[in-house]
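One letter stands for each residue in the lines below.
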Amino acid sequence: MSCRRGALIVLEGVDRAGKTTQCQTLVQALQQSGREAEIMRFPDRTTKIGQLISSYLEKKSNLEDHTVHLLFSANRWEMVPLMKQKLEQGINLVVDRYAFSGVAFTSAKPGFSLEWCMNPDVGLPKPDLVMFLQLNPTAAANRGEYGTERYETSAFQRTVSQRFEELMQDSSINWKVIDAARTIEEVHKDIKLLSEDIISLAENQPVGELWK
Ligand code: TMP
């Protein structure tokens, strides 16, 4: 019996672009249309590595910049067996942030090249689709104050945005830019259509390897 694999769908974007809401809404919509779908998010703060990351983000502990980058990557690698298993079972995975956030955030720090930042994530399961929720700094500012976690400042987020723009030049990745300044429903409509298309396309193809 051959089982059609699930699609690996990633949502990326700067803070407050609505990624988490859109991931949840997409999973619900896919399930309602009879497809199997589950949400995953990175960092996954439930594992031991994830707890180290969470404490760092909450500024309860300090970690050296290279070290924390590698922990974020390790936090993805530790989930790979489960991700592959679910995809093989035909479950579509909707992922809130992935290696692209890893690279965009660390390379926004002084002294980090995109290349160095990408290396630890080379070979991860390659997303079939990466939707980038785009929101300009003014629109983001209108959505209220940033939180209190590390990285949640407008200056840092501007640099992160520039790094994402550089990553989006890579044509080996199926990037789609979504205008996140619209209503939740409008944004969802686009995301759902793109996801349904990629689910049909991906089901007969093997899962790729990221940046290889
Ligand atoms: P969250 O608010 O979506 O839980 O994300 C936590 C923060 O961690 C967010 O500021 C982005 C950042 N981050 C990295 O620096 N590297 C990574 O690999 C990931 C996934 C997130």
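Cut-offs and rules
Residues numbered from 1 in each chain as written. Predicted model: local features only at pLDDT ≥ 70, side-chain atom pairs only at ≥ 80, totals over all residues. Heavy atoms only, no water. Axes fitted to C-alpha atoms, helices over the stretch in contact; angles between N-to-C directions. Helix = DSSP H or I, 4+ residues; strand = E, 2+ residues; numbered from the N terminus. Parallel < 35°, antiparallel > 145°, perpendicular 65-115°, else oblique. Left-handed = near helix turned anticlockwise from the far one by under 90°. Contact = heavy atoms within 4.5 Å. Nonpolar A, V, L, I, M, F, W, Y, C, P; charged D, E, K, R; others polar. Near = heavy atom within 4 Å. Polar contact = N/O pair within 3.5 Å; in protein donor to acceptor, adjacent residues only side chain to side chain. Areas by Shrake-Rupley, 256 points an atom, 1.4 Å probe, with all protein chains shown as cover. Buried < 20%, exposed > 50% of the residue type's maximum accessible area, 1.4 Å probe, protein only. Pairing = 2+ DSSP bridges. pLDDT = per-residue confidence, 0-100.

A.B. asks: Would you mind going over the packing of helix α5 (residues 99-106) against helix α8 (residues 154-167) in detail, with residue names and values included?
C.D. replies: Direction vectors running N to C along α5 and α8 enclose 125°, while the axes themselves pass 8 Å from each other. With respect to α8, the element α5 is oriented oblique. For the pair α5 and α8, the sense of crossing is right-handed. Residues F100, S101, V103, A104 and F105 of α5 pack against F156, Q157, V160, R163, F164 and L167 of α8. Across the contact of α5 with α8, the residue classes tally to eight nonpolar, two polar and one charged.

A.B. asks: Which residues make up the site of the ligand, and what values do they have?
C.D. replies: Lining the immediate surroundings of the ligand are R41, F42, P43, R45, L57, F72, R76, R97, S101, G102, F105 and Y151. One nitrogen or oxygen atom from the side chain of R97 is found 2.8 Å from an oxygen atom belonging to the ligand. Notes on the ligand: free accessible area 480 Å², of which the protein chains cover 93%. Listed by contribution, the elements that provide at least two residues to the shell around the ligand are α3 (65-77) and α5. Among the elements that line the shell around the ligand, the one with the most residues is α5, at three residues. For the shell around the ligand, the per-class residue count stands at six nonpolar, two polar and four charged.

A.B. asks: How would you explain the pairing of strand β3 (residues 92-96) if you had to name every residue and give the values?
C.D. replies: Among the five residues of β3, five are classified as buried, and the element is accordingly described as predominantly covered. Across four bridges, strand β1 (residues 8-13) lies against β3 in parallel orientation. By the bridge assignment, I9 is partnered in β3 with V94. Looking at chain direction, strand β2 (residues 37-41) and β3 are connected through five bridges and run parallel.

A.B. asks: Describe the confidence of the model for the chain, listing the residues and the values that go with them.
C.D. replies: Per-residue pLDDT for the chain has a mean of 96; in total, 99% of the residues score no lower than 70. Reported for the predicted complex are a pTM of 0.98 and an ipTM of 0.99.

A.B. asks: Could you give me a rundown of the packing of helix α2 (residues 48-57) against α3, with the residues and numbers involved?
C.D. replies: Axes are the key here: two packed helices are described by the angle between their axes and the distance separating the axes. Interhelical geometry of α2 versus α3 gives an angle of 135° and a closest axis separation of 9 Å. Compared by their axis directions, α2 and α3 come out oblique. When you trace α2 past α3, the crossing you get is left-handed. Packed against α2, whose contacting residues are I49, G50, L52, I53, Y56 and L57, the element α3 presents D65, V68, L71, F72, A74 and N75 at the interface. Looking at the contact of α2 with α3 residue by residue, the class counts come to nine nonpolar, two polar and one charged.

A.B. asks: Could you give an account of the side chain of Q22, naming the residues involved and the relevant values?
C.D. replies: Within the secondary structure, Q22 sits in helix α1 (residues 19-32). Beyond its immediate sequence surroundings of up to four residues, Q22 is in contact with L11, L133, I184, V187, H188 and I191.

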